Amino acid sequence: MWLWSVVMSSARPTPVVAIRGLGKSFGSLRVLNEIDLEIEAGKTVCVLGPSGSGKTTLLRCINFLEQPDEGQIFLAGERVGYVGDAQGRPMTQRELARIRTRVGMVFQHFNLWPHLTVLGNLIEAPLYVQKRRRNEVIAEAEELLDKIGLQDKRDIYPSRLSGGQKQRVAIARALATKPRVLLFDEPTSSLDPELVGEVLSVMRDLARGGQTMMVVTHEMGFAREAADEIVFLDEGVLVERASPEQFFTKPQTKRAQQFLQRLG
Amino acid sequence: MRFEVIIAEWSTLAAGFATTIWICALSGALSLLLALPVAALLMVRRAVIVWPVRAMVDGLRAIPFLMLVFLGYYCLPVLGLKFSSWTCGLVSLTIYNTAYFGEILRGAWAHLPREQEDAGRAFGFYGFALTRRIILPQIFISAGPVLGNQIITLIKNSAFLMVITIPELTFAANEVQAIYFTPLETLIVAVLLYWLLCSAVEGIVRVMDRVAVVRGHE
């Protein structure tokens, strides 16, 4: 038995995110059912599916913004939300907070903190949650702004930015805590069409740079080109997992076929 | 016109003006501190907690300030509770204003998008740090202009404190005019001083308005 586990663990590295038997209901509505999923380090997984299929809830369960009803979530091998292996005791706020700094989140509506400058948004969590040294945090934040091409907006408040710039800042903010994985919740859905490109190009660079990412999106072009794996969700069920190549050319399930057909 | 009276009695009026300023500043600051827990209690979802606080806030806002001053100064002694006019004046000004500040902050708190708290939690904020770093600054920025306007009301309400013999500006002006029979001159000066003070606050409100646009929610 121990030999088996040694062989298994050496054959497959611990996934950054592992989801086992995840289930979630809102009242009588079943939004997630028996979801199993792993994301390995450096991989980009795109989660596709019709609206209301539970994609966003799945994402929010990973950092416990939404509390799952069943199943387990592991982040780099550590259980999220509970301490101990079986049912375990629920994590304290403090323990949850520590886990959450290892997960970066990018929201559909940016949710930048409007009372802080662009730089302020980037350094807020590193300074006041991670309690890291100020000059080190600022230097890193400036590097990130450089990377997304917004160093000239450093001292501007978010209300002065375009939607695309806001979302790029939100991505930089999510990177500032040096998370193990970045979660994107429809990051381009509330953008004007002409601003989508700049955000996708930042995400593409991240994917190429080996950042582990899980992206809920309706951008099929991005999914096809940047994803290592496609996860297709429908009515709270994980219907299909495939490479982008296979998913977009030869989807295996009827529901995925219909979904792709409707997109035209 | 006998403005020489004003010049001769300027120190009385100046002392009154100074009293108005410090009593307003002190009760304004105190009520801002007290309004935070009041607003927090008003945001609680449990009826047992909200109901009494809500009743007190609404009750205070529904009575004239002068009545509250009378209640404290004339009625409480009947019940065996006697306070100096200073204590009575400062306390009534503070709790009356706390009711308004509390309601203003609650309104701003209720309008803070839920996603802001979500974003805070997603980045590891919780409890006191979440409130202190993410929620409160946004509430104060959005409520700032309304709080400023409420301060102007506070300044004007403070004139009522003359009836319990607090030597603030209105009291001082009334003294001077009664001694020298110069109501017009004295009251013109008093009114100008009130106008000056309120305009200064108004100026600050305008600055806060601009801050709220730049650093608030779209």
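Everything that follows concerns the structure shown earlier in this document.
Residues numbered from 1 in each chain as written. Chains lettered and ligands numbered in written order. Predicted model: local features only at pLDDT ≥ 70, side-chain atom pairs only at ≥ 80, totals over all residues.

## Examining the overall build of chain B
Point 1. A count of helices and strands for chain B gives nine helices and zero strands.
Point 2. Secondary structure elements of chain B, listed N to C terminal, follow the sequence α-α-α-α-α-α-α-α-α.
Point 3. Its C-alpha atoms give chain B principal-axis dimensions of roughly 70 × 45 × 25 Å.
Point 4. Looking at chain B residue by residue over its 218 residues, the buried ones come to 37%. (Helix = DSSP H or I, 4+ residues; strand = E, 2+ residues; numbered from the N terminus. Buried ≥ 20, exposed ≤ 12 C-beta atoms within 10 Å, placed from the backbone.)

## Some remarks on the overall build of chain A
Point 1. Of the regular secondary structure elements, chain A holds ten helices and twelve strands.
Point 2. Relative to the compact-globule value of 18 Å for 264 residues, chain A shows a C-alpha radius of gyration of 19 Å, a close match.
Point 3. In terms of overall dimensions, chain A has a C-alpha envelope of 50 × 45 × 40 Å along the principal axes.
Point 4. Buried positions account for 45% of the 264 residues belonging to chain A.
Point 5. Residue pairs in contact within chain A that sit at least 24 positions apart in sequence constitute 65% of those at least 6 positions apart. (Rg over C-alpha atoms; globule rule 2.2 N^0.38 Å. Contact = placed C-beta atoms within 7 Å.)

## Structural notes on the interface of chain A and chain B
Point 1. Chain A puts 21 residues into the contact, and the matching count from chain B is 22 residues.
Point 2. It is helix 3 (residues 93-100) of chain A that contributes the most residues to the side of chain A that touches chain B, four residues altogether.
Point 3. Looking at the side of chain A that touches chain B, its residues break down into ten nonpolar, eight polar and three charged. (Nonpolar A, V, L, I, M, F, W, Y, C, P; charged D, E, K, R; others polar.)

## Comments concerning helix 3 (residues 47-61) of chain B
Residue pairs three or four apart in sequence face the same way in an α-helix, which turns once every 3.6 residues.
Point 1. For helix 3 of chain B, with 15 residues, the first-to-last C-alpha span of 20 Å sits near the 21 Å given by 1.5 Å per residue.
Point 2. Taking burial as the measure, the 15 residues of helix 3 of chain B include one buried ones, a minor fraction of the element. (Expected span 1.5 Å × (residues − 1).)

## A look at the packing of helix 5 (residues 85-111) of chain B against helix 7 (residues 127-157) of chain B
Residues and elements named next belong to chain B.
Point 1. One can describe the packing of helix 5 onto helix 7 by two numbers: an axis separation of 9 Å at closest approach and a directional angle of 155°. Between helix 5 and helix 7, the angle falls in the class roughly antiparallel. As helix 5 runs across helix 7, the sense of the crossing is right-handed. Together, Leu93, Asn97, Tyr100, Phe101, Ile104, Leu105, Ala108 and Trp109 of helix 5 and Ile139, Ser142, Ala143, Val146, Leu147, Gln150, Leu154 and Asn157 of helix 7 make up the contact between the two elements.
Point 2. Looking at the contact of helix 5 with helix 7 residue by residue, the classes come out as twelve nonpolar, four polar and no charged. (Axes fitted to C-alpha atoms, helices over the stretch in contact; angles between N-to-C directions. Parallel < 35°, antiparallel > 145°, perpendicular 65-115°, else oblique. Left-handed = near helix turned anticlockwise from the far one by under 90°.)

## A word on the packing of helix 3 of chain B against helix 5 of chain B
Residues and elements named next belong to chain B.
Point 1. The contact between helix 3 and helix 5 brings their axes to 9 Å, and the two run at 115°. In the packing of helix 3 onto helix 5, the handedness of the crossing is left-handed. On helix 5, the residues that touch Val57, Leu60 and Arg61 of helix 3 are Ile95, Tyr96, Ala99, Tyr100, Gly102 and Glu103.
Point 2. Considering only residue class, the contact of helix 3 with helix 5 consists of six nonpolar, one polar and two charged.

## Re helix 2 (residues 10-43) of chain B
Point 1. Over its 34 residues, helix 2 of chain B extends 48 Å from the first C-alpha to the last, a length consistent with the 50 Å expected when each residue adds 1.5 Å.
Point 2. Helix geometry: helix 2 of chain B is bent most strongly at B:Ala35, by close to 30°, with proline B:Pro37 lying one to four residues after it. (Bend = angle between axes of the 7 residues up to and from the residue.)

## Looking at the pairing of strand 4 (residues 70-75) of chain A
Residues and elements named next belong to chain A.
Point 1. The pairing of strand 1 (residues 17-26) with strand 4 spans five bridges and is antiparallel. When the sheet's bridge partners are listed, Val17 is paired in strand 4 with Leu75.
Point 2. The turn linking strand 4 back onto strand 5 (residues 78-79) is made up of two residues, and Ala76 within it adopts a positive phi angle of 45°. (Pairing = 2+ DSSP bridges.)

## So, the nonpolar core
Point 1. Judged by nonpolar contacts, the single largest core of 83 residues is most densely connected at A:Val47, A:Val106, A:Ala172, A:Val181, A:Leu183 and A:Met214.
Point 2. Residue contributions to this core peak at seven residues, all from helix 6 (residues 163-176) of chain A.
Point 3. Not counting residues within four places of it along the chain, the set of residues in contact with A:Val106 comprises A:Ala170, A:Ile171, A:Ala174, A:Leu182, A:Leu183, A:Phe184, A:Asp185 and A:Pro187.
Point 4. Ranked by size, the runner-up nonpolar core spans 40 residues in total, among them B:Ala99, B:Ile104, B:Ile166 and B:Ala190. (Core = buried A, V, L, I, M, F, W, Y, C linked by C-beta atoms within 7 Å.)

## Focus: the environment of B:Val213
Point 1. In this fold, B:Val213 is placed in helix 9 (residues 183-215).
Point 2. Sequence separation of B:Val213 and B:Thr165 is 48 residues, and the distance between their C-alpha atoms is 42 Å.

## Digging into unusual backbone geometry
Residues and elements named next belong to chain A.
Point 1. Look at Asn111: it is not a glycine, yet its phi comes out positive at around 50°.
Point 2. Counting through the fold element by element, Asn111 comes out in the loop between strand 8 (103-106) and helix 4 (118-128).
Point 3. You can call Asn111 buried: it has 25 C-beta atoms within 10 Å.

## Focus: the pairing of strand 12 (residues 237-242) of chain A
All names here are of chain A.
Point 1. One ladder, built from five bridges, connects strand 11 (residues 229-234) with strand 12; its direction is antiparallel. Among the inter-strand pairings, Leu233 is bridged to a residue of strand 12, identified as Leu238.
Point 2. Between strand 11 and strand 12, which pair antiparallel and follow one another directly, the connecting turn spans two residues, one of which, Glu235, has a positive phi of 50°.

## Observations concerning the environment of B:Ala99
Residues and elements named next belong to chain B.
Point 1. Looking at the secondary structure, you find Ala99 in helix 5.
Point 2. Owing to 22 C-beta atoms within 10 Å, Ala99 belongs among the buried residues under this scheme.
Point 3. Through-space distance from the C-alpha of Ala99 to that of Phe160 is 18 Å; in sequence the pair is 61 residues apart.
Point 4. For Ala99, the contacting residues outside a window of four places in its chain are Val57, Leu60 and Arg61.

## Points about the environment of A:Ala18
Residue and element names in this part refer to chain A.
Point 1. Among the structural elements, Ala18 can be located in strand 1.
Point 2. With 54 residues separating them along the chain, Ala18 and Gln72 place their C-alpha atoms 8.2 Å apart.
Point 3. Sequence-distant contacts of Ala18, defined by excluding residues within four places in its chain, comprise Glu38 and Phe74.

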